[in-house]
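Descriptive structure summary
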Amino acid sequence: MERRWLLFFILTFVVVQLFSLLMHLNEPPPRQGTGTRPGAQTTATAAADGVTTTAAAAPATAAPATTAPVSELAAAGAVSAVRTIRNTTVTLAARPGEITTVTTEKFAIGFDAVGAVVHSWRVLDPGSENFVRTLDSPGLELVRRIPPDAVDPLTGAPPAPGTLRPQTWPLEIGLREQDAVSYEEFNSVEWEVRRPPSPSPEKEVLQFVSPVIGGIQLVKTYEIPKRGYLLGLKVTVRNENATTVPMYDAQNRGLTLRWGPGLVERNLGEKSTGEEYYDGAVYRIADRIRMVQPAPDKQPIEIEGPISWAGVEAKFFAALFVTPAPVQGASRPQYFFRALVPANHKARVENFHPPLTMEIATSRFDLPPMSQRTFEFDLYVGPKKHKILKAAGHDLQALMFHSSWEFMRVLYLVLTDLLNWIFGLVGNYGVAIILLTVLVRLLVF
């Protein structure tokens, strides 16, 4: 009899904890601002099959693009100084530059021609069946902004008038030649925007070509599905020099891709909801998943090995770089993972959780004269929902409840699937949770 009562109390505790967790997992995401401010003007200059181009801020919805006043664009971290890059006529450009937005069923992505980076990534369908998409609901912004009025993290002084705090942006690159010459300027110059033919009617293709700096040119090609969450990303490094160029940094890393700052826009100054404590960087190596949370003023967290995917996660969403699968019979190539809180992200603002930056890098490589090297990744940006992650492939569903014990993780997934199945029958999560409670109690007794 004691064993039955002990089993009853253990299962009751598990059920209570699961109810709390499942209710949070299935809450509709908070509605964000529309992203279109009073006085903004519509300036769509080009549109082709879901692609729009504007001269300033990315649009928040599938509606025509909008341009915000310059003073408001400062909050996005624009570059304040303009200078010419060494031995070239190429100048650093103010950010944001020309924004090209691709809108699909799942998200609206604003690509900035300055650096060919992501300026805005709004999820229009976060995977929740009770999420209603309307014209005045632009989706959930996943790109965070560093507060422009935050004090300097080193001196404690506020920024000088007219200056702006820089920040990293998703899909920036890192590249060094013999650990001596940095090509960081590629993230701050204007790239040419091209629209090559798509290999499939189900995809949009957007390509950015950089100017030549030090005989090196970069090309970023994005293949964006019209209905899914998994993007294709190709980065080509071209050597137009007459000599071989060795590409590596102090850690023997070759090409680096970044995602930062963090994930999911936070409302500055508002009372903490506790969701920021789920923010972290995550990677999978040798079928093991680890989540790390770097801290300000601490050393970066680094690892290398056969990484299959890595990225950043919040409570309900994730952005993951997926490395190419090895050819049959070969071992997976080595990649480098790093997570840190950059100095310019340590904003001393109450209720502002400093966002991290995650980096994934290839091994060092050499570029022979007049040659090029292309690196391919898949990029998942979307909800942490088992069904959606599984449909994306690459065993991404392993991200779900990855920090739990394996037997508890299996139980969580079974109950989550069961809850969603009941919801499909009754159409109401409140009723579904009650029915699941009754079912679990019947099984317990």
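Just so it is clear, the model here is predicted, and its values are computed rather than measured. (Residues numbered from 1 in each chain as written. Predicted model: local features only at pLDDT ≥ 70, side-chain atom pairs only at ≥ 80, totals over all residues. Heavy atoms only, no water.)

**Considerations on the overall build of the protein chain**
Of the regular secondary structure elements, the protein chain holds 5 helices and 26 strands. Considering the protein chain as a whole, with its 445 residues, one finds that 51% of them fall into the buried category. Long-range pairs, those at least 24 residues apart, make up 64% of the contacts in the protein chain between residues at least 6 apart in sequence. For the protein chain, the exposed area adds up to about 21,100 Å²; of that, 57% sits on carbon and sulfur atoms. (Helix = DSSP H or I, 4+ residues; strand = E, 2+ residues; numbered from the N terminus. Buried < 20%, exposed > 50% of the residue type's maximum accessible area, 1.4 Å probe, protein only. Contact = heavy atoms within 4.5 Å. Areas by Shrake-Rupley, 256 points an atom, 1.4 Å probe, with all protein chains shown as cover.)

**A few points about the pairing of strand 17 (residues 253-259)**
The buried fraction of strand 17 is high, at 7 of 7 residues. Examined bridge by bridge, strand 9 (residues 173-174) and strand 17 share 2 bridges and lie antiparallel to one another. Across the sheet, the residue bridging to Gly174 is Thr256, located in strand 17. As paired strands, strand 17 and strand 24 (residues 357-363) are joined by 5 bridges and run antiparallel to one another. When the sheet's bridge partners are listed, Arg258 is paired in strand 24 with Glu359. (Pairing = 2+ DSSP bridges.)

**Here's the deal with a nonpolar patch on the surface**
Together, Trp421, Leu425, Val426, Val431 and Leu435 line one region of the surface with nonpolar side chains, adding up to about 480 Å² of accessible area. Of all the secondary structure elements, the ones that give two or more residues to the nonpolar patch are helix 4 (406-426) and helix 5 (429-444). The element contributing the most residues to the nonpolar patch is helix 4, with 3 residues. By the secondary structure assignment, Val431 is in helix 5. By relative accessible area, which is 38% here, Val431 ends up partly exposed. (Patch = residues over 30% accessible without salt bridge, like charges linked within 9 Å, V, L, I, M, F, W, Y side chains within 5 Å. Salt bridge = Lys/Arg side-chain N within 4 Å of Asp/Glu carboxyl O.)

**Examining the pattern of salt bridges**
This structure, assessed with the given rule, holds 17 salt bridges. Measuring nitrogen to oxygen at the nearest pair gives 3.2 Å for the salt bridge that ties Glu192 to Arg194. We classify Arg194 as partly exposed; its relative accessible area is 36%. Across the pair Glu313 and Lys384 runs a salt bridge whose closest N-O atoms are separated by 2.9 Å. Here Glu313 is found in strand 21 (residues 307-313), whereas its partner Lys384 is found in the loop between strand 26 (371-383) and helix 3 (386-392), with 71 residues between them in sequence. Residue Lys384 is classed as buried on the basis of its relative accessible area, which comes to 18%. Because the salt bridges share partners, they merge into one network encompassing Glu172, Glu184, Asp249, Arg253, Arg258, Glu302, Arg338 and Glu359.

**A short note on the confidence of the model for the protein chain**
Here the protein chain averages 76 in pLDDT, while 68% of its residues score no lower than 70. For the stretch residues 23-48, pLDDT sits under 50, and the model shows 55 contacts to residues farther than four places along the chain or on other chains. Residue range residues 56-81 is modelled with pLDDT below 50. Its contacts to residues more than four positions away, or to other chains, number 68 contacts. (pLDDT = per-residue confidence, 0-100.)

**Things to note about the nonpolar core**
By size, the foremost hydrophobic cluster in this structure holds 80 residues, and its most contacted members are Trp121, Leu175, Trp259 and Met358. Setting aside residues no more than four positions away along its own chain, Leu175 makes contact with Val181, Ser182, Tyr183, Glu184, Ile216, Leu218, Val237, Met247, Gly254, Leu255 and Phe365. Membership of the second largest hydrophobic core comes to 7 residues, among which are Ile422, Phe423, Ala432 and Leu436. (Core = buried A, V, L, I, M, F, W, Y, C linked by side-chain atoms within 4.5 Å.)

**Some remarks on the sheet that holds strand 18 (residues 280-285)**
Spatially, 9 strands are ordered 12-13-14-15-26-22-21-18-19 in an open sheet, and the strand pairing comes out antiparallel. Edge strands, defined here as strands with exactly one partner in the open sheet, are strand 12 (192-194) and strand 19 (288-292). The mean angle between the axes of side-by-side strands here comes to 20 degrees, regardless of whether they run parallel or antiparallel. Summarising the sheet, strand 18 and strand 21 pair through 6 bridges and their orientation is antiparallel. Looking at the pairing, Arg284 lines up with Trp309 of strand 21. (Axes fitted to C-alpha atoms, helices over the stretch in contact; angles between N-to-C directions.)

**Digging into the sheet that holds strand 20 (residues 301-305)**
Spatial strand order, 9-17-24-23-20: 5 strands in an open sheet with antiparallel pairing. The sheet terminates laterally at strand 9 and strand 20, the two strands that pair on one side only.

**Quick word on the side chain of Asp279**
Here Asp279 is to be found in the loop between strand 17 and strand 18. Residue Asp279 is classed as buried on the basis of its relative accessible area of 11%. Contacts of Asp279, omitting those with residues within four sequence positions, involve Arg144, Arg266, Met291, Gln293, Glu313 and Ala314.

**A short note on the environment of Thr91**
Along the chain, the position of Thr91 falls in the loop between helix 2 (70-73) and strand 5 (99-103). With 94 residues separating them in the primary sequence, Thr91 and Glu185 have C-alpha atoms 9.3 Å apart.

**Quick look at the packing of aromatic side chains**
With the rule as written, the count across this model stands at 13 aromatic pairs. Between Phe107 and Trp121 the ring centres are 5.3 Å apart and the planes differ by 65 degrees, which places this aromatic pair in the edge-to-face class. Within this pair, whereas Phe107 is found in strand 6 (residues 107-112), its partner Trp121 is found in strand 7 (residues 117-123), the two being separated by 14 residues in sequence. The class of Trp121 is buried, set by a relative accessible area of 0%. Following the ring pairs from residue to residue traces out a cluster consisting of Phe107, Trp121, Tyr229, Trp259 and Tyr380. The ring of Trp191 carries Lys220 above its face, with NZ or CZ at 5.4 Å from the centroid. (Phe/Tyr/Trp six-rings, centres within 6.5 Å; stacked < 30°, edge-to-face > 60°. Lys NZ or Arg CZ within 6 Å of the ring centre and 35° of its normal.)

**Focus: the pairing of strand 24**
Among the 7 residues of strand 24, 6 are classified as buried, and the element is accordingly described as predominantly covered. As defined by bridge partners, strand 23 (residues 335-340) adjoins strand 24 across 5 bridges and the pair is classed as antiparallel. Along strand 24, the bridge assignment pairs Ala339 with Met358.

**Some details on unusual backbone geometry**
Geometrically, the link from Arg95 to Pro96 is a cis peptide bond, its omega value of 5 degrees lying close to zero. Of note, Pro96 is situated in the loop between helix 2 and strand 5. Pro261 follows Gly260 through a cis peptide bond whose omega is 5 degrees. Note that Pro261 resides in the loop between strand 17 and strand 18.

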